[in-house]
Amino acid sequence: MNAPIYGYVRALPGLSGQDVDRLRRDIAAFAQQRGFDAPLVFTEQSWTRVAAWKALVGACRRSRTRDVVVPSWQHLNTHYSLSATARRALQDAIRGQVWYASATGEAS
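Just so we're clear, the structure is a prediction, and the values are computed from it rather than from any experiment.

Attention shifts here to the packing of aromatic side chains. In total, this model carries five aromatic pairs according to the counting rule given. On the numbers, 5.5 Å between centres and 85° between planes, the contact of tyrosine 6 with phenylalanine 42 is edge-to-face. On the criterion of sequence distance, the pair formed by tyrosine 6 in strand 1 (residues 6-10) and phenylalanine 42 in strand 2 (residues 40-44) is long-range, its members being 36 residues apart. Taking the relative accessible area as the measure of exposure, tyrosine 6 reaches 14% and is therefore buried. Ring plane angle 70° and centroid distance 6.2 Å describe the contact between phenylalanine 36 and tryptophan 99, whose orientation is recorded as edge-to-face. Within this pair, whereas phenylalanine 36 is found in the loop between helix 1 (17-33) and strand 2, its partner tryptophan 99 is found in strand 4 (residues 97-100), the two being separated by 63 residues in sequence. Judged by relative accessible area, phenylalanine 36 falls into the buried class, the value being 12%. Residue classification places tryptophan 99 among the partly exposed residues on the basis of a relative accessible area of 32%. One aromatic cluster in this structure is built from Phe30, Phe36 and Trp99.

Positive phi, normally seen in glycine, also occurs at arginine 64, with a value near 60°. Along the chain, the position of arginine 64 falls in the loop between helix 2 (51-63) and strand 3 (67-70). With a phi angle near 55°, arginine 95 is a residue other than glycine that sits in the positive phi range. On the secondary structure map, arginine 95 appears in the loop between helix 3 (80-94) and strand 4.

Taken together, the side chains of Arg61, Arg64, Arg66 and Arg95 make up a positively charged region of the molecular surface. Relative to the helices and strands, arginine 66 resides in the loop between helix 2 and strand 3. The exposure class of arginine 66 is partly exposed, given its relative accessible area of 31%.

In terms of nonpolar packing, the biggest core is built from 16 residues, with Tyr8, Phe42, Trp53, Leu56, Val68, Leu76 and Leu90 touching the most fellow members. Mapped by element, the contributors of at least two residues to this core are strand 1, helix 2, strand 3 and helix 3. When residues of this core are assigned to their parent elements, the largest contribution, six residues, is made by helix 2. Val20, Phe30, Ala31 and Val41 belong to the second-largest nonpolar core, a separate cluster that totals 11 residues.

As a further point, take the environment of phenylalanine 30. Inspection of the secondary structure puts phenylalanine 30 in helix 1. With 71 residues separating them in the primary sequence, phenylalanine 30 and alanine 101 have C-alpha atoms 5.7 Å apart. In this view, phenylalanine 30 contacts Ile5, Val69, Trp99, Tyr100 and Ala101; residues no more than four positions away in its chain are not counted.

Once that is clear, we can look at the packing of helix 2 against helix 3. Closest axis-to-axis distance for the helix 2/helix 3 pair is 9 Å, and the angle between their directions is 35°. Listed contacts from helix 3 to Trp53, Leu56, Val57, Cys60 and Arg61 of helix 2 are Ala86, Leu90, Ala93 and Ile94. Its residues placed into classes, the contact of helix 2 with helix 3 shows eight nonpolar, no polar and one charged.

About the thresholds
Within each chain, residue numbers correspond to sequence positions counted from 1 in written order. Restriction of local features to residues with pLDDT of at least 70 applies here, the model being predicted, together with a cutoff of 80 or more for giving and counting side-chain atom pairs; totals for whole chains, interfaces and linings are based on all residues. Water and hydrogen atoms were dropped before computing side-chain values, which therefore reflect all heavy atoms in the structure. The aromatic pairing rule takes the rings of Phe, Tyr and Trp, using the six-membered ring of Trp, and pairs them if the centres are within 6.5 Å, calling planes under 30 degrees apart stacked, those over 60 edge-to-face and the rest tilted. Helix and strand labels come from DSSP, where a helix needs a run of H or I of at least four residues and a strand needs a run of E of at least two; each type is numbered from the N terminus. Burial status follows relative accessibility: with a 1.4 Å probe on protein chains alone, a residue under 20% of its type maximum counts as buried, one over 50% as exposed, and anything between as partly exposed. What goes into a patch is any residue over 30% in relative accessible area without a salt bridge, connected to like charges within 9 Å or, for nonpolar side chains (Val, Leu, Ile, Met, Phe, Trp, Tyr), within 5 Å. Note on areas: Shrake-Rupley with a 1.4 Å probe; residue coverage comes only from the protein chains shown. A pair is scored as a salt bridge if a Lys or Arg side-chain nitrogen falls within 4 Å of a carboxyl oxygen belonging to Asp or Glu. Residues scored as positive are Lys and Arg, those scored as negative are Asp and Glu, and His as well as the terminal groups of each chain are ignored. Taken as the charge centre is NZ of Lys, CZ of Arg, CG of Asp or CD of Glu, depending on the residue. The criterion is simple. A nonpolar core is a set of buried Ala, Val, Leu, Ile, Met, Phe, Trp, Tyr and Cys residues joined through side-chain atoms within 4.5 Å. What makes two residues a contact is simply this: any of their non-hydrogen atoms within 4.5 Å. Axis definition: a line fitted to C-alpha atoms, limited for helices to the stretch in contact. Angles are taken between N-to-C directions and run from 0 to 180 degrees. Basically, the charged four are Asp, Glu, Lys and Arg, the nonpolar ten are Ala, Val, Leu, Ile, Met, Phe, Trp, Tyr, Cys and Pro, and anything else, Gly included, counts as polar.

Here it is as structure tokens:
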């Protein structure tokens, strides 16, 4: 059994439903390539909301999952410095690691 991981995607402005589906597939590919179980991906339907974020943190705590993957830093916040802060906050909340599916941390 591989280590568990969850995914998180924020439906950023300009992303179509097809784009979001592609990002979810990118997250699944990242997980498989790195030996994680196929992830449950939490999707924030509006970039101004945090419902999926809260559900993600709750699920991580309940299942003791310590790894989360996002497509890129922009899915944590569209401002880089705030994204770095959000990444640290999420890592603290789950007591684990937040990964970027894109090697550069940029949306593919």
